[in-house]
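Observations on the three-dimensional arrangement
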Amino acid sequence: MSKYEFVLTDYKAIADANIHLDGLTILTGENGCGKSTIARWLYYLVNGIVRFHQDVLDEFVAIIVRQSSDLEQYASLLSRDFEIRGIVHREFFEFRLSVEETLYRSEASFHEVQKKFEQLLHKFTEDLVSFFDSDALPERKKRLSRILEIKDKEEIEEFVEKVKKTTRQELERLFSISEKRDLQQMFSYIYNKYREDNAPEDKVQLMEEGEKLMNNGQLSILLNLERAFYIDTPMFVGNRIKSDNPFWNEVHDALLDNPQGYDSNQTSGLLKPLRIFLRGELLEELRNLLGGEIQISQLGIKRTELRFVSNDKQVDIALDKAATGFKTFSYLYRLLENGALNDKTMLIIDEPEVHLHPQWIVEYARLLVLLHKYLGVKIMLASHSPDMVSALQSIAIKEGVSEQTNFYLAKPCPDSTHRYHFHHLGTEIEPIFESFNIALDRIALYGTY
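What comes next concerns the included structure. If you're wondering where the values come from, they're calculated on a predicted model, not measured in any experiment.

1. Observations regarding the overall build of the chain
When you go through the chain residue by residue, the secondary structure sums to 14 helices and 15 strands. Along the first, second and third principal axes, the C-alpha set of the chain runs to 90 × 60 × 55 Å. By sequence separation, contacts in the chain at least 24 residues apart represent 70% of the contacts at least 6 residues apart. Accessible surface for the chain amounts to roughly 21800 Å². Of this, 49% is attributable to carbon and sulfur atoms. In the chain, the 54 positive side-chain charges and the 71 negative ones have mean positions that sit 4 Å from each other.

2. Observations concerning the state of the cysteines
The full count for this structure, using the stated rule, is zero disulfides. Cysteine Cys33 shares no disulfide, and the gap to the nearest cysteine sulfur, in Cys413, comes to 11 Å. Classification of Cys413 by relative accessible area gives buried; the value is 15%.

3. Remarks on helix α12 (residues 386-398)
With 13 residues, α12 ought to run about 18 Å at 1.5 Å a step, and its terminal C-alpha atoms sit 18 Å apart, in line with that. Among all positions of α12, only Met388, Val389, Ala391, Leu392, Gln393, Ile395 and Ala396 are buried. Looking at the packing, one finds that the buried side of α12 touches β3 (24-28), α11 (358-375), β13 (378-382), β14 (405-413) and α13 (430-436). The residue sitting at the N-terminus of α12 and contributing the capping side-chain oxygen is Ser385; that oxygen lies 3.2 Å from the backbone nitrogen of Asp387. Looking one or two residues past α12, Gly400 carries a phi angle of roughly 75 degrees, positive in sign.

4. Some details on the packing of helix α8 (residues 246-256) against helix α10 (residues 324-337)
Where α8 meets α10, the axes come as close as 8 Å, and the angle between the chain directions of the two elements is 60 degrees. With respect to α10, the element α8 is oriented oblique. In the crossing of α8 with α10, the sense of the turn from one axis to the other is left-handed. Between α8, through Ala254, Leu255 and Leu256, and α10, the contact on the second element is made entirely by Tyr331, Arg334 and Leu335. Here the residues of the contact of α8 with α10 are counted per class, giving five nonpolar, no polar and one charged.

5. With respect to the environment of Gly280
Note that Gly280 resides in helix α9 (residues 271-290). The partly exposed category is assigned to Gly280, whose relative accessible area is 31%. In this structure the C-alpha to C-alpha distance between Gly280 and Leu336, which are 56 residues apart in sequence, comes to 8.9 Å.

6. Observations concerning the nonpolar core
Phe6, Ile19, Ile38, Leu45, Phe124, Met186 and Phe187 are the most contacted members of the largest nonpolar core, which totals 82 residues. No other element matches helix α2 (residues 52-79), which puts 13 residues into this core. Aside from chain neighbours lying at most four places away, what touches Phe6 is Ala17, Asn18, Ile19, Leu21, Ile38, Trp41, Leu42, Leu45, Val204, Gln205 and Leu206. In this structure, Leu282, Leu319, Ala365 and Phe436 belong to the second largest nonpolar core, which totals 55 residues.

7. Digging into the environment of Pro412
Summarising the element assignment, Pro412 is placed in strand β14. Accessibility expressed as a relative area gives 42% for Pro412, which makes it partly exposed. Separated by 343 residues in sequence, Pro412 and Ser69 place their C-alpha atoms 53 Å apart. Once residues lying within four places of it in the same chain are set aside, the contact partners of Pro412 are Glu30, Thr417, Arg419 and Tyr420.

Rules behind the numbers
- Residues numbered from 1 in each chain as written.
- Predicted model: local features only at pLDDT ≥ 70, side-chain atom pairs only at ≥ 80, totals over all residues.
- Heavy atoms only, no water.
- Helix = DSSP H or I, 4+ residues; strand = E, 2+ residues; numbered from the N terminus.
- Contact = heavy atoms within 4.5 Å.
- Areas by Shrake-Rupley, 256 points an atom, 1.4 Å probe, with all protein chains shown as cover.
- Lys, Arg positive; Asp, Glu negative; His and termini not counted.
- Charge placed at Lys NZ, Arg CZ, Asp CG, Glu CD.
- Disulfide = S-S within 2.5 Å.
- Buried < 20%, exposed > 50% of the residue type's maximum accessible area, 1.4 Å probe, protein only.
- Expected span 1.5 Å × (residues − 1).
- Polar contact = N/O pair within 3.5 Å; in protein donor to acceptor, adjacent residues only side chain to side chain.
- Axes fitted to C-alpha atoms, helices over the stretch in contact; angles between N-to-C directions.
- Parallel < 35°, antiparallel > 145°, perpendicular 65-115°, else oblique.
- Left-handed = near helix turned anticlockwise from the far one by under 90°.
- Nonpolar A, V, L, I, M, F, W, Y, C, P; charged D, E, K, R; others polar.
- Core = buried A, V, L, I, M, F, W, Y, C linked by side-chain atoms within 4.5 Å.

And the structure:
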């Protein structure tokens, strides 16, 4: 099982953080010390490195869709008073939808997209020539000429070649970026996708088995991680529509995936049958805790929702109406059922105890320990809860995974109360409880104790 190390220095509230990710990693510290910043950037880097080629292809999709949309509009203008009857307009429309919805994912398929685009462009050219030869309204010809920057039909070929050249150059540029695995491009995608407003390129690093994955302006590849989930709140669970929060949307999509079973992930060899069995055991534990299961209900052709159905079938409610603490266990249930939680997954959770009863905090901690022990899931969470910290330490010891458990405590830097150093405590939690005890001092100060 691979070991990872995440480093973030001199960024926002963080003076320095060197975080080991061997299995279970727990960050503690007061509000504003940078725990969520660490969580977000770990998520960005894992998915940014894994999906780099995909992000490059997505950029080309956006370029082709934009070009197709423009030409679709021009073709629509031609068809208004010309015998084209909107054929090319409809073909551009169908092509654009196919590119958006089919989600081409390989270099070969993108060259096919480029070829199809140029075929449609050729048809559009023929119609454009015919349009300028027709008795269409002079005002419309004039308008289209201005939009396309074409003085007469003799310049149509020049316009078409310019469009072809632009898309071909973009395709070549993007595949060159993908081949070189350009580091700056990955950060550009991160800023655009997650709306981060400043750049820590030289302040952040992710290592796999001690090797830096970002070096000399290039990205390496992750060999034993395939995705990260970041859950900053369970409030989104059960929402029937997507939000503008990219973290939520990714988990939202995973929750609504049809169950694939553990056979769908990359586990192979002798461990595979055992992990399929253990996954079933964990699902059964969750069913017992919840008193039922989480099901997908079809609302329409493309609309689904998550529902909780009790074991006795007496309760059947939409999950968005359920208690928030209930949703905390529900997202684990669905990710587990879909096979999304495995030894190539990084699960990042921010303060999961916030909406949980103390008893359920312990149950949740136990599930996290077992997810790592049985399925190899790598977990990092931030917590303010003495119950969560104590439960994770105790259960990890009992289950024999304490060597893969790392606790961290953020402490203010001596020269600044606004900057924090993340101290590695190993498996010790006494310093964490000393910081928690400050609350008792405040109670004594402000009340009776």
